[in-house]
Structure formats: structure tokens, C-alpha cells
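So you can see what is in the structure, the chains are spelled out below.
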Amino acid sequence: MASDFKVEGECDKRFEGVRKAFAENLEKRGELGAACSIVLDGKAVVDLWGGAADKAKTKPWQRDTLVNVYSTTKGLTATCAHRLIDQGKLDPDEPVSKYWPEFAQAKKKDLPVRYLLSHRAGLPGVSKKLADDAMYNWDVMTAALAEQEPFWQPGTRHGYHAITIGWLVGEVIRRVTGKCLGTYFRTEIAEPLGLDTHIGLDAKHDARVSDILPSPPPEPGMPNLLEEAQKDPKGPSYAAFMNPPILTKPNVPNTRAWRAAEIGGANGHTTARSLAKMYGTLARGGEVDGYRVLRPESLERCFTEQSFGPDQVLMGMNTRFSMGYMLSQPGVGFGPNIKAFGHPGAGGSLGFADPIKKVGFGYVMNQMANGLLIDARAQALFDAFYAAL
């Protein structure tokens, strides 16, 4: 069992319930290897890790184990965009084509930046068939998206831009700053805050990366997103998840090609500690240790609703977004405070900020589970934390 590797790390006595929940994840909830970190008003009060970093359970999860966090990456990309908006270098209400002229094709000349961030652009995927390795080529993907006609009238509805949001927002960042997304995130956020977080992972880190294990097939009668997507090869869900069909290949995130690419919607590699510190910085007004990511008055944009209701890509289930971050909604929340914002990732990972209680939360794992929003393992951890707060 993964519990053969004991739980390591530190935990404030006040939050021993989180340690207990973390151990229960390993013993009862199918956890293989994972880490959880929680920051309260700039101070780390929980920093735990445990279990195995490999399927054979021969390597224990270490303090500095990195892992792919899929859509939790979207929160990193969103934070880059919010920093530029805060600095007055990017206006969310200006057309994307102001910054990226080629984007004006295919009835998109007036589409505002805000729609890219809030999943309202109608660009969750590309219609023309893409080569299997297209996702690793930034220029190929941004050119294809510039040519793509929206799947719906932009602004009239929303649908999860599952992978494309990384190229769409990332290309705007590149046009504004002259830096690719991974470099901008590293120089403006990761290095100043001391984060071990990467969009585009150097091979020198491979030895400490845990492989991702795919989730089991959904039980009969449970929602099956990929199965539903294949029913309409011309629909937005098919374009989002099946073109190219890379997401149906379980070992892809464990390849060097995936790790090296800059896929700002899906391939960030991080520790839970670094996720918690980034979100903890935002949660306390945007500044920590003398470095300011955002001004306090800019934080409201992070939790102001832009989209809420049936998602055109996720089988009509309700989703709720601000500009770039997922928000709590009835029955699915990042803790008890409605202003919390962040992002979950496929399989279970999660990072969020709670500006009411000044909390930053990070959870990463290697055994994927089914589910499209908040995983039961992460929920057990933050529930235990808030019960003691």
C-alpha cells in the first residue's frame, strides 16, 4: 500500500485534522503519492507529503517531487494575465487583434481579451485535423487558433477552453511582453516568489518528476466526457479533447515532449508548496516578502464572475469562471468563502486563494481519479482545514 511510505512534513498543531485527512487519503481514498500545502496570511501552516512517486511503489514521494497538474496550470497562466492588466499593459476590454493582429481572421476582429479568459470566445478547439505533435508546437497552435472561426457567437455563452486557453492567453502575453509564457511566468512570478513551478519543464528536473497514472474508466452510468465528445466529430467537445487525440493516450504526460512544451492550459509541473505560496500571496493582497504580484485593488477581477451556467463543452454541466480562474458555485466550492478563486486539474490537483481568510491552498497527486471539478481527496483536506480555522 502507498501508506507503507509514512506522511512527512510539518503541520501546525491547530490543523492536525489535515494531517489525519491526508493519511486517510492514502489509506482509504485511493491515493498513491501526493502533497498538500496551506498558507495562512503568508505563513505556511500545513506542508505534507507522502506515498509513492511511482506505480511500483519503490520510490517515496519527496519534499521536492514535481508532478504534472493539468488544468491547475490555468491558474498560473491567469495570474500572468492579471499582472499585465494590473500594470496597465493589457486591457481586457480591447480586441485581441489589437495585440495579436492575425487573430482578426474568421469573424474575430472585435473579440475582446476578456472572452479568452472567461471561456466565452467560442474557441475550445480547432476544426481542421491537427498532427499528433501539434500541441508541442506553439506557432502551429496559435496559427490554427487565429484561423479558427468560433464554434458559437463569442460572448453569448461559455464553454471550457480546456487546452486552447493556454495558447490564446499565452500568445497575447507574448505579443505584449516579448516573452513566451513559460519565461514570463518564471521571471515575473516563479523566481521572485521562490516557486518550484514550471510551464515548460527543463530536462534537468526529470529525475524528481513523478509519473502520472491514468484514472480508471468511469463506472457504468457515470459521465464519460471522451465518450460523449466522440458522438459529434464536428462539435466543440470533440475539437477540445479529440483533436489531436493526444488526451486519450494515457502515457503522454510522462513523456519528455509533453514536459518540455509550454501548454499553458495543461502541463504545468509544480509542488503543492509552490501552488499554496502563489495563491497565498494573492489571498493576502497580492504581496509577500516584499514582492508584489498584484495590487490589492486588482484582486476583485480575480473573483468577479464572468461566466456561469451550462458549459457548451463539458456536457452541459454548470461551470463558473472569472477571468481565467474557476470560481465556487452551488454544491461545488473552494471552501466556505464565495470569493475564493483558483483552478482544479484533471485527476484531482487543486490550487486556490481565499482572500476572505487569506488562505492559499495547494494539492498535487499522481494517481488520477474520475471527476470533472473538485476531487474528494482535495475536498477532505480543505474541509479539515476550515473546520479548525
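Our subject is the structure that appears above.
Predicted model, so just to flag it, every value in this text is computed and none were measured.

Calculation criteria
Residues numbered from 1 in each chain as written. Predicted model: local features only at pLDDT ≥ 70, side-chain atom pairs only at ≥ 80, totals over all residues. Heavy atoms only, no water. 1 Å grid on protein atoms, 1.4 Å probe; cavity = no way out; pocket = protein on both sides within 12 Å on 5 of 7 lines; lining within 4 Å. Points joined across faces, edges and corners; volume = space filled by probe spheres on them. Helix = DSSP H or I, 4+ residues; strand = E, 2+ residues; numbered from the N terminus. Nonpolar A, V, L, I, M, F, W, Y, C, P; charged D, E, K, R; others polar. Phe/Tyr/Trp six-rings, centres within 6.5 Å; stacked < 30°, edge-to-face > 60°. Buried < 20%, exposed > 50% of the residue type's maximum accessible area, 1.4 Å probe, protein only. Lys NZ or Arg CZ within 6 Å of the ring centre and 35° of its normal. Salt bridge = Lys/Arg side-chain N within 4 Å of Asp/Glu carboxyl O. Pairing = 2+ DSSP bridges. Expected span 1.5 Å × (residues − 1). Contact = heavy atoms within 4.5 Å. Axes fitted to C-alpha atoms, helices over the stretch in contact; angles between N-to-C directions. Parallel < 35°, antiparallel > 145°, perpendicular 65-115°, else oblique. Left-handed = near helix turned anticlockwise from the far one by under 90°.

### With respect to the layout of surface pockets
Consideration 1: When its volume is computed, the largest pocket comes out at roughly 1,200 Å³.
Consideration 2: Lining the largest pocket are 46 residues; nearest its centre among them are Ser 215, Ala 346, Met 368, Gly 371 and Leu 372.
Consideration 3: The set of elements that each furnish at least two residues to the lining of the largest pocket consists of helix H8 (225–229) and strand S12 (341–344).
Consideration 4: A class-by-class count of the residues in the lining of the largest pocket yields 33 nonpolar, 10 polar and three charged.

### Brief notes about the packing of aromatic side chains
For any pair of aromatic rings, the description rests on two quantities: the centre-to-centre distance and the angle between the ring planes.
Consideration 1: Considering all chains together, one arrives at 12 aromatic pairs under this definition.
Consideration 2: Ring geometry for Tyr 160 against Phe 321: centres 6.0 Å apart, planes inclined by 10 degrees, an arrangement best described as stacked. With a gap of 161 residues between them, Tyr 160 in the loop between helix H5 (138–147) and helix H6 (164–177) and Phe 321 in strand S10 (residues 318–321) connect regions that are remote in the sequence. Exposure class is identical for Tyr 160 and Phe 321. Each is buried.
Consideration 3: Arranged with centres 6.4 Å apart and planes meeting at 70 degrees, the rings of Tyr 279 and Phe 341 form a pair that is edge-to-face. With a gap of 62 residues between them, Tyr 279 in helix H11 (residues 272–283) and Phe 341 in strand S12 connect regions that are remote in the sequence.
Consideration 4: For Tyr 279, a relative accessible area of 0% corresponds to the buried category.
Consideration 5: The side chain of Lys 108 reaches across the aromatic face of Phe 103, ending 4.8 Å from its centre.

### A word on empty space enclosed by the protein
Consideration 1: Scanning the model with the defined rule gives four cavities of 30 Å³ or more in all.
Consideration 2: Size it by volume and the largest cavity reaches roughly 100 Å³.
Consideration 3: Surrounding the largest cavity, 17 residues form its lining, Ile 163, Ala 239, Ala 240, Asn 243 and Pro 244 being those nearest its centre.
Consideration 4: In terms of residue count, the dominant contributor to the lining of the largest cavity is helix H9 (residues 236–242) (four residues).
Consideration 5: The class makeup of the residues in the lining of the largest cavity is 14 nonpolar, three polar and no charged.

### Some remarks on the pattern of salt bridges
Consideration 1: On inspection of all chains with the given rule, the structure shows 27 salt bridges.
Consideration 2: The partner of Asp 41 in a salt bridge is Arg 284, and the shortest N-O contact between them spans 3.2 Å. On the criterion of sequence distance, the pair formed by Asp 41 in the loop between strand S2 (33–40) and strand S3 (43–51) and Arg 284 in the loop between H11 and strand S7 (287–288) is long-range, its members being 243 residues apart.
Consideration 3: Linking Arg 259 and Asp 211 is a salt bridge whose minimum nitrogen-to-oxygen distance equals 3.1 Å. With a gap of 48 residues between them, Arg 259 in helix H10 (residues 256–260) and Asp 211 in the loop between strand S5 (197–199) and H8 connect regions that are remote in the sequence.
Consideration 4: The class of Arg 259 is buried, set by a relative accessible area of 6%.
Consideration 5: Three or more residues joined by partner-sharing salt bridges are found here, namely Glu 102, Glu 171, Arg 174 and Arg 175.

### Here's the deal with the sheet that holds S5
Consideration 1: A sheet is described by the order of its strands in space; here three strands give the open sequence S4-S6-S5, paired in antiparallel fashion. With partners counted over all chains shown, the strands left at the sheet margins are strand S4 (67–68) and S5, one partner each.

### Regarding H6
Given 3.6 residues per turn, any residue in an α-helix points the same way as the ones three and four places further on.
Consideration 1: Its 14 residues give H6 an end-to-end C-alpha distance of 20 Å, which sits within 8% of 20 Å, the value for a rise of 1.5 Å per residue.
Consideration 2: Burial runs high along H6: 10 of the 14 residues are buried.
Consideration 3: Where H6 is concerned, the buried positions are Thr 164, Ile 165, Gly 166, Trp 167, Leu 168, Val 169, Gly 170, Glu 171, Val 172 and Ile 173.
Consideration 4: Looking at the buried residues of H6, the elements they touch are helix H2 (73–86), helix H3 (96–99), helix H4 (113–117), H5 and helix H7 (181–193).
Consideration 5: Of the residues trailing H6, Gly 178 is marked for its positive phi of about 80 degrees.

### A word on helix H1 (residues 16–28)
Consideration 1: End to end, H1 covers 18 Å across 13 residues, agreeing with the expected 18 Å (1.5 Å per residue, within 8%).
Consideration 2: For H1, the set of buried residues is Val 18, Ala 21, Phe 22, Glu 24, Asn 25 and Leu 26.
Consideration 3: Structurally, H1 contributes buried residues whose contacts are with S2, S3 and helix H13 (376–388).
Consideration 4: The first or second residue beyond H1 is Gly 30, which carries a positive phi of 80 degrees.

### Some words on the packing of H2 against H7
Consideration 1: Interhelical geometry of H2 versus H7 gives an angle of 70 degrees and a closest axis separation of 10 Å. By the criterion of interaxial angle, the relationship of H2 to H7 is roughly perpendicular. The hand of the H2/H7 crossing is left-handed. Here Leu 76, Thr 77, Thr 79, Cys 80, Arg 83 and Leu 84 of H2 lie close against H7, whose contacting residues are Leu 181, Tyr 184, Phe 185, Glu 188 and Ile 189.
Consideration 2: Each residue belonging to the contact of H2 with H7 can be placed in one class, and the counts come to seven nonpolar, two polar and two charged.

No statement about biological role is implied by the geometric values presented.
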